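# Chain and residue survey
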Amino acid sequence: EESNVIEAGNLPSGPDDVYFTDGFESGGGWTLEGEWEIDTPTGIGGTANGGSGSADPNGAFAGGFVLGVDLTGQNAEIGNYEDDISPPALATSPVIDVSARSGAILRFQRWLGTERSRYDESFIEAFDGTDWVRVWTNPDSSFSDGAWVPFEVDVSAQLAGLSNARLRFGYETDVSVKYCGWNIDQLELYELSTCTDGTSGQSPVPDGRFVGGTPMDADKSDGENVALTWDVTACPSPFYHLLYGESANLAS
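This section reports on the structure supplied with the text. Within each chain, residues carry numbers counting from 1 in the order of the written sequence. Selection of residues for local features in this predicted model requires a pLDDT of at least 70, selection of side-chain atom pairs for listing and counting requires 80 or more, and totals for whole chains, interfaces and linings are taken over all residues. Excluded from the side-chain calculation are hydrogens and water; included are all heavy atoms of the structure.

### What about the overall build of the chain?
The criterion, for reference: Each helix is a run of DSSP H or I of at least 4 residues and each strand a run of E of at least 2, with the numbering of both proceeding from the N terminus. Atoms considered for the radius of gyration are the C-alpha atoms alone. The globule rule reads 2.2 Å times the number of residues to the power 0.38. The buried label applies to any residue whose accessible area, calculated with a 1.4 Å probe on protein chains only, is under 20% of its type's maximum; exposed applies above 50%, and partly exposed to all values in between. Surface exposure here means Shrake-Rupley accessible area, sampled with a 1.4 Å probe, where a residue is shielded only by the protein chains that are shown.
Counting secondary structure elements, the chain contains 1 helix and 15 strands. Taking 18 Å as the expected radius of gyration for a compact globule of 252 residues, we find that the chain reaches 27 Å, considerably beyond that expectation. In the chain, which comprises 252 residues, the proportion classed as buried is 37%. Here the chain has roughly 14,200 Å² of accessible surface; of this, 50% comes from carbon and sulfur atoms.

Shown next as structure tokens:
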């Protein structure tokens, strides 16, 4: 019997209900400022091009294109964001209709290199119908993704119920250390679907303690085969899983 007395609670939900997705294969109506591009990443930037951290990925997470900063080597800092970007350079989504939704969780694949936030800020903002609200910013410690990282943030408070919801990614820099910046792919908005009533699964074969009936019996009377007998009235499932092991491992 399980002797662990620690309990954890949660609310059940059904499968993720994805209602907006953008893999950046067609541009998708994004408004891009500064060095933001929708293009194929080619592994430039990072330390190899005079900056810090990892370079851009050598390809998209899926498909051919991503949303990213200086994917093609536009200016002096090849593949990395430039010095002294202020005000922030922004990539703004098209309008998204979330009016029929009670939840909005933003999920995407991230490849990001950025200096600590006191010097360079990389952030995500959501439009709540009136103002842009910052929902995530990089921590005050530099980091550099060296692989695609799944990332999500709950923006239900800002977007759920809006017919004119929008998202934007941005960055703002000082005049010293440079990183490869944002790379974003497979962007989605989803909500958790509700559960429907169902069965709890098959009941365990009774052993006489918690479920009434005759305990299951295992008999090796013929010296070779094990015969299993149980009470099908108390355990009427049409199929069964048998769990077995060495008797020496039993507690008693």
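### Focus on the pairing of strand E8 (residues 121-127)
Selection criterion: For two strands to pair, DSSP has to find at least two bridges joining them.
Of all 7 residues making up E8, 6 are buried, and the element is well covered by its neighbours. In the sheet, E8 pairs with strand E12 (residues 166-172) via 7 bridges, with the strands oriented antiparallel. Residue pairing for E12: Ile 124 is matched across the bridge by Phe 169. Relative to strand E9 (residues 132-137), E8 is paired through 5 bridges, and the arrangement is antiparallel. Paired with Phe 127 across the two strands is Trp 132, which belongs to E9.

### Examining a nonpolar patch on the surface
Put simply, the rule is: To count toward a patch, a residue needs a relative accessible area over 30% and no salt bridge; like charges are then connected within 9 Å, while nonpolar side chains (Val, Leu, Ile, Met, Phe, Trp, Tyr) are connected within 5 Å. When a carboxyl oxygen of Asp or Glu lies within 4 Å of a side-chain nitrogen of Lys or Arg, that pair is called a salt bridge.
The grouping of Met 216, Val 226, Leu 228 and Leu 242 at the surface amounts to a nonpolar patch, some 340 Å² of accessible area in total. Relative to the helices and strands, Met 216 is located in the loop between strand E13 (183-192) and strand E14 (217-219).

### Observations regarding the side chain of Thr 173
For clarity, the cut-off: Here a polar contact means two N or O atoms within 3.5 Å. Within protein one must be a hydrogen donor candidate and the other an acceptor candidate, and residues neighboring in sequence count only if both atoms are side-chain atoms.
Mapped onto the elements of the fold, Thr 173 is located in the loop between E12 and E13. From its side chain, Thr 173 meets the backbone oxygen of Glu 82 in a polar contact 2.8 Å long. Reaching out from Thr 173, the side chain makes a polar contact with the backbone nitrogen of Asp 84 at a distance of 3.1 Å.

### So, a negative patch on the surface
As a reminder, the rule being used: This count recognises Lys and Arg as positive and Asp and Glu as negative, with His and chain-terminal groups excluded. Every charge is mapped onto a representative atom, which is NZ of Lys, CZ of Arg, CG of Asp or CD of Glu.
On the surface, a cluster of negative charge is contributed by Asp 217, Asp 219, Asp 222 and Glu 224. Examined against the element boundaries, Asp 222 turns out to sit in the loop between E14 and strand E15 (227-229).

### Notes on the sheet that holds E12
Read from one edge to the other, the open sheet built from 5 strands follows the order E2-E5-E12-E8-E9, with strand pairing classed as antiparallel. At either margin of the open sheet sits one strand with a lone partner, and together these are strand E2 (31-32) and E9.

### Some points on the pattern of salt bridges
One pass over the full model with this rule turns up 12 salt bridges. Salt bridges here are not isolated pairs; linked through shared partners, they connect Glu 121, Glu 125, Arg 134 and Arg 168.

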